[in-house]
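So you can see what is in the structure, the chains are spelled out below.
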Amino acid sequence: MPDPVAVLTAVATAATVATGVYLVCLAPGARVACAFRECGQAVGIGGGSVAGMAMLGVFPSGHFSGDLERLAFIVLPLITAAEMVIAFSHVSGWPATLTRALVAVGVCPILLHGSVYLPGTSAVGLRGIRPAETAAILGGVGLALSSGLLVMAGFRHRPRPPCLPLVLGLTIAAAGVTTLLSGYLTGGLAALPIGAAVLAVHGASRLQAEHSSDASGLSVGLVALASILIIGHWFGSLTSPHALFLAAASFVPLLADMTGSRRVPAWQRCMISVGLTVALLTCVVAHAQARFQAAYAPSQKAGPASPRAGRLPELFAMSVTRCSAYDRRTWRGRNSSPRTQSRSPNFWPTCDCGRPPGAVFTDM
Amino acid sequence: MRGTITSACFFVLIASMAAKGDDYTIDPAHSGVSFRISHLGLSWTQGRFNTLEGAFRVDDDPAKCAFVLNIPAESVDTGNAKRDEHLRSPDFFNSKQFPLITFKSTAVKAVQDGYEITGDLTLHGVTKTVVFAMQGGAKAEFPAGVQRTGYSANFVLKRSEFGMNTMPGPVGDEVYASISFEGTKR
């Protein structure tokens, strides 16, 4: 299991770096405050995430052959750079959406680069997946992520649920725990600093400005969440239902905001959204935990792991009975007294199989 | 002159045929790789790879011997499905990124009862030169008409040298591997 101190240190590092970078970006002053605030959110989350991941030591290879390296050093900088361009060029609407969509389409190929899921890679000589499957993976993920970013951007000109970054940070953390429980330890751990960075920047922006825009931070966080789900599912064993529920969880506040009554105060809608999301995330993590425990402790829940395991008392009784009877027969046939036989130095009674009595357990 | 050249060519051809070794294809049904690794310093977790493929050439001149072995990382089997999933993940073998574990000999030297093999082992995307002794070389015919020979070797690897650093405490660094294979003559 992961070292809790190391995990907490990484999470604290990510939160500190993210907050620090965000606050530094606010320094230039009020004239360009909006662009710098947007930029600070993106750079803060990206920088804090990479710092936290580095603190965890999840970059063993040090080059881009690892999925986490590609996430930290290509995907996160790419979406951060895109958000900076959007922030400083003051573009909105379709140009901004198109820029984010281009990044979204590139995320999956970058993360799956060099794997068996893409043609012409190191899978030579093995049965790889068909080109149609590759196209379905890349197209499906690209479309889904682009749509997610579009939905986030679509709320730009109306009051965005203030709890959206909070929910996104919690979802990223839950995605990490679920990925960890699904058999990909470092991939799951890497999500925790990212979630901490999102939450820290969100907290800092709330303290700094009552109605700050979270668009760039949300984009970086959503791309990071998608990346964790991609590597968890295709490199680890994160199941499709878990991945889909986790992806959907981050949109619960938007759904609640759209469907909820306007008569309900915003803070109540926010509380309901967070409650629903936490309930959904808890269910997903609990299910992953149950699967994990069932796999590692089959004898506790699912009965005996092998047909012989549950028969141990029965086999013990049979072997004792059989060998005792054999011993009695042997002693009766050869000697008048067991005591006389036991004094013989070369005596070692054997069962029919040629093994000492009781040795039936040695090969179990 | 023409006859001399023809004779020389024939001699070279015969010599090259005589020098040609025997080529074998590994028989997966009679080949396997097993390993054991320490768990918490308490016990040995044992596992195997269910698939081993490759080919080798055996020659009277050891320098002309060659061995190429391919092991799909996906075929790792420790008898626990969840643990196998974890072993296939990027925490260990990263079988989706590095699907094949390969060994290719670069030098073969004759020793008592077999060969000393030097070769490049590629595991987890990292290639390292390894040296180990391989016993065997006896030949048999089974079934009738199928010539076969086989070799076995035991060696120790440090997984950290191949970039597999996850869980260094609970899971031991040294992996005790054992490989045994038969080849059928082509």
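What counts and how
- Residues numbered from 1 in each chain as written.
- Chains lettered and ligands numbered in written order.
- Predicted model: local features only at pLDDT ≥ 70, side-chain atom pairs only at ≥ 80, totals over all residues.
- Heavy atoms only, no water.
- Contact = heavy atoms within 4.5 Å.
- Buried area = accessible area lost by both parts, 1.4 Å probe.
- Salt bridge = Lys/Arg side-chain N within 4 Å of Asp/Glu carboxyl O.
- Polar contact = N/O pair within 3.5 Å; in protein donor to acceptor, adjacent residues only side chain to side chain.
- Helix = DSSP H or I, 4+ residues; strand = E, 2+ residues; numbered from the N terminus.
- Nonpolar A, V, L, I, M, F, W, Y, C, P; charged D, E, K, R; others polar.
- Pairing = 2+ DSSP bridges.
- Buried < 20%, exposed > 50% of the residue type's maximum accessible area, 1.4 Å probe, protein only.

1. Focus on the interface of chain A and chain B
The parts lose accessible area when they come together, and the size of an interface is often stated as this lost area.
Argument step 1. Each side of the interface is counted separately: chain A has 28 residues, and chain B has 21 residues.
Argument step 2. Between chain A and chain B, a total of about 1800 Å² is buried, with carbon and sulfur atoms accounting for 56% of that surface.
Argument step 3. Counting every contact that joins chain A to chain B gives 0 salt bridges.
Argument step 4. Scanning the region where chain A abuts chain B turns up 8 residue pairs in polar contact (both at pLDDT 80 or more).
Argument step 5. Of the residues forming the side of chain A that touches chain B, the biggest block, 4 residues, is contributed by helix α11 (residues 266-296) of chain A.
Argument step 6. Grouping the constituent residues of the side of chain A that touches chain B by class yields 15 nonpolar, 10 polar and 3 charged.

2. Thoughts on the pairing of strand β9 (residues 126-141) of chain B
Residues and elements named next belong to chain B.
Argument step 1. With 10 bridges joining them, strand β8 (residues 114-123) and β9 adopt antiparallel strand pairing. Paired with threonine 122 across the strands is threonine 127, a residue of β9.
Argument step 2. Here β8 hands over to β9 after 2 residues, with histidine 124 in that stretch at a positive phi of 60°.
Argument step 3. Pairing analysis gives 6 bridges linking β9 to strand β10 (residues 147-158), with the strands arranged antiparallel. Its bridge partner lying in β10, alanine 140 is registered against arginine 148.
Argument step 4. What sits between β9 and β10 in their antiparallel hairpin is a turn of 5 residues, with glycine 145 showing a positive phi close to 95°.

3. Focus on the environment of valine 7 of chain A
Residue and element names in this part refer to chain A.
Argument step 1. In this fold, valine 7 is placed in helix α1 (residues 4-25).
Argument step 2. Judged by relative accessible area, which is 14%, valine 7 ranks as buried.
Argument step 3. Along the backbone, valine 7 and glycine 52 are 45 residues apart, and their C-alpha atoms lie at a distance of 8.9 Å.

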